[in-house]
Each structure stands twice: as C-alpha cells, then as structure tokens.
Amino acid sequence: MEKQPRKESTNLQLDHFEQNIHENLLNIISEISSYIRKKTNGGWVGETKGLKSDITEIIKAHGYQPMLFLQYLLQHQHESQPAEFYLVLGIFYYFGVVVLKDKPQSIRFLKQAAELGDTHAQLYTGLYFHSFAQPRRPEEAFEWFRRAASGEPVIYCAKNWLGHHYYSGSGTPKNFKKACILYQEAAMEGNLPLAQLSLAWNYQKGVGVERDFFEAIKWLRRFSKFSAFKSFGEFGIRTILRGRQI
C-alpha cells in the first residue's frame, strides 16, 4: 500500500540527497512535466496504465528515490519556483504517485502553477472544479478551461471541455454554436477523438451546425481511426447509412 511521505525522514538521507539533487532538480522536473504535457496533448487527462511507474522511473533514472524526491519538493516550496515545480507536485497528489491520491491537496499546487500561467495546470484546475470539488464549482471550472484553451501553448483538451460547458450551459449560458466551434478546433487541430465524436453527433442532429450526414460520417471515420473507438465509430456510421440510405 502506498504511504504518505514520512515527516521524520532520516536527516542523513536528506542531507546526502540535497547535496546531489540541486543541480539536477530542474532537469527532472522538466522531464516529468514534458511527459505530462505529452499525455495531455494526446487528449488524456484521467488515470492511465503505467503513469505512476513512468514518473517514478524518470526519477530513478537520475539516481534518486521517488519518495525522497517528493519530500525534497515539499520542503523547497517558495515564490521563485517555476510553474513546472508546482505542476509536478500537483500531479503527484492528483494521481497518487508514491502517495495516496489527494485531490484537495493536489489543487493547492495545481492552482499555484495555473496562476503562474501554466496551461496544463489550468486544465487540471478546471477538471478539479468540474468533477471533484465539493460542491462542484462550474463557473470556476469554465474560467480555468477558458484560460487553458486560449493560453500558450493551447490545450485542445481544454477546448473540448469548454465546448461541453457551452453545450450544457454549465457555468455559462448555453451556446450550441460556440460549443461546435470549440469541438471543431479540438477535433481538427488537436485530433481529439471525443471532440470528433461530439462534432459527428451535432452534425447528425443539426445542433449548433446545419444538419449534414456526410460531415457526421466524416468525423466518425476520423474517430474510428483510434483503435479503442473503432467498433463504436463504425457502428455509428452504419446506423447513419441505414437510417438515411446515403
């Protein structure tokens, strides 16, 4: 069972650790951050197989123990640390890397990174307020998704979530047209399968866009190129073809 980091870590261990890690700290943080960004840019924002081991292996590859690495980060928080520092800390608690998952703890760090302008942290901050805050805070979720969708680099996954908010009227007035514009950008520029599916459905039903079965099929075909969604996408195409005799 994973344990919370022990406050009474051996002084000798930490002293030796601190002597060796200072020069490598930003490199390790940058490497973990790049891994997180790559995953996010692929449309992934939830639990994924191998995430914890991938991050711990990055740390081990530099010759450090993951638990001591986390303890070092916790003990060296200060205003001059870059946004990536707090993004990594937040991800450790968000997904439970060498500690138990703790979403309220994660948001303390993710929000710091988000306020420093990190668009990936802004995405995860939006997800927290959308799905995990008690009670849910859709207005805050919408605002953080908006920042992530319009910042640099642009987070297309955030555009997809922003589209959902406009579509459902969560945290903002309903606007089907704006939702479809955002789905289009996330589907085309970000190549996100769930945005492609949403866009196909809207074209099929004529919600926010003019009804167009050919466009619906086009986006379902792109959606079907992802092996995990192939069967579902092909089923949708067959359903449209049977219903419309296209």
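Before going into details, it helps to say that this report is about the structure given with it. All values derive from a computational prediction rather than experimental measurement.

**Some points on the pattern of salt bridges**
Where charged atoms from two side chains of opposite charge come close, those side chains can pair.
Phase 1: All chains considered together, the criterion is met by nine salt bridges.
Phase 2: Of the charged contacts in the structure, one is a salt bridge between D118 and R37, with a shortest N-O distance of 2.7 Å. In this pair, D118 is assigned in the loop between α6 (103-115) and α7 (119-132) and R37 in helix α2 (residues 25-41), connecting sequence segments 81 residues apart. Taken as a pair, D118 and R37 share a single burial class, namely buried.
Phase 3: Here R147 and E143 are joined by a salt bridge, their closest N and O atoms 3.2 Å apart. In this pair, R147 and E143 both sit in helix α8 (residues 138-150), four residues apart, roughly one turn of the helix.
Phase 4: Through salt bridges that share partners, R37, E84 and D118 make up one connected network.

**Describing the nonpolar core**
Phase 1: I32, I55, F69, F92 and L123 are the most contacted members of the largest nonpolar core, which totals 72 residues.
Phase 2: It is helix α5 (residues 83-95) that provides the largest number of residues to this core, a total of 11 residues.
Phase 3: Leave out the neighbours within four places in its chain, and I32 touches I55, I58, I59, F69, V88 and F92.

**Looking at unusual backbone geometry**
Phase 1: Of the consecutive residues Q134 and P135, the connecting peptide bond is found in the cis state with omega at -5°.
Phase 2: The omega torsion of the bond from E152 to P153 falls at 0°, within 30 degrees of zero and hence cis.
Phase 3: Here P153 shows up in the loop between α8 and α9 (156-168).
Phase 4: One non-glycine residue, V98, lies in the positive phi region at around 60°.
Phase 5: Using a relative accessible area of 16% as the deciding quantity, one classes V98 as buried.
Phase 6: The phi angle at N191 is positive, at roughly 55°, despite the residue not being glycine.
Phase 7: With respect to the helices, strands and loops of the structure, N191 is situated in the loop between α10 (176-188) and α11 (193-205).

**Quick word on the packing of aromatic side chains**
Phase 1: What the rule picks out here adds up to 14 aromatic pairs.
Phase 2: Aromatic side chains Y128 and F129 sit 5.4 Å apart centroid to centroid with 75° between the ring planes, which places their arrangement in the edge-to-face category.
Phase 3: By relative accessible area, which is 3% here, F129 ends up buried.
Phase 4: When the centroid spacing of 6.4 Å and the interplanar angle of 80° are considered together, the rings of Y167 and W201 count as edge-to-face.

How each quantity is defined
Residues numbered from 1 in each chain as written. Predicted model: local features only at pLDDT ≥ 70, side-chain atom pairs only at ≥ 80, totals over all residues. Heavy atoms only, no water. Salt bridge = Lys/Arg side-chain N within 4 Å of Asp/Glu carboxyl O. Helix = DSSP H or I, 4+ residues; strand = E, 2+ residues; numbered from the N terminus. Buried < 20%, exposed > 50% of the residue type's maximum accessible area, 1.4 Å probe, protein only. Core = buried A, V, L, I, M, F, W, Y, C linked by side-chain atoms within 4.5 Å. Contact = heavy atoms within 4.5 Å. Phe/Tyr/Trp six-rings, centres within 6.5 Å; stacked < 30°, edge-to-face > 60°.

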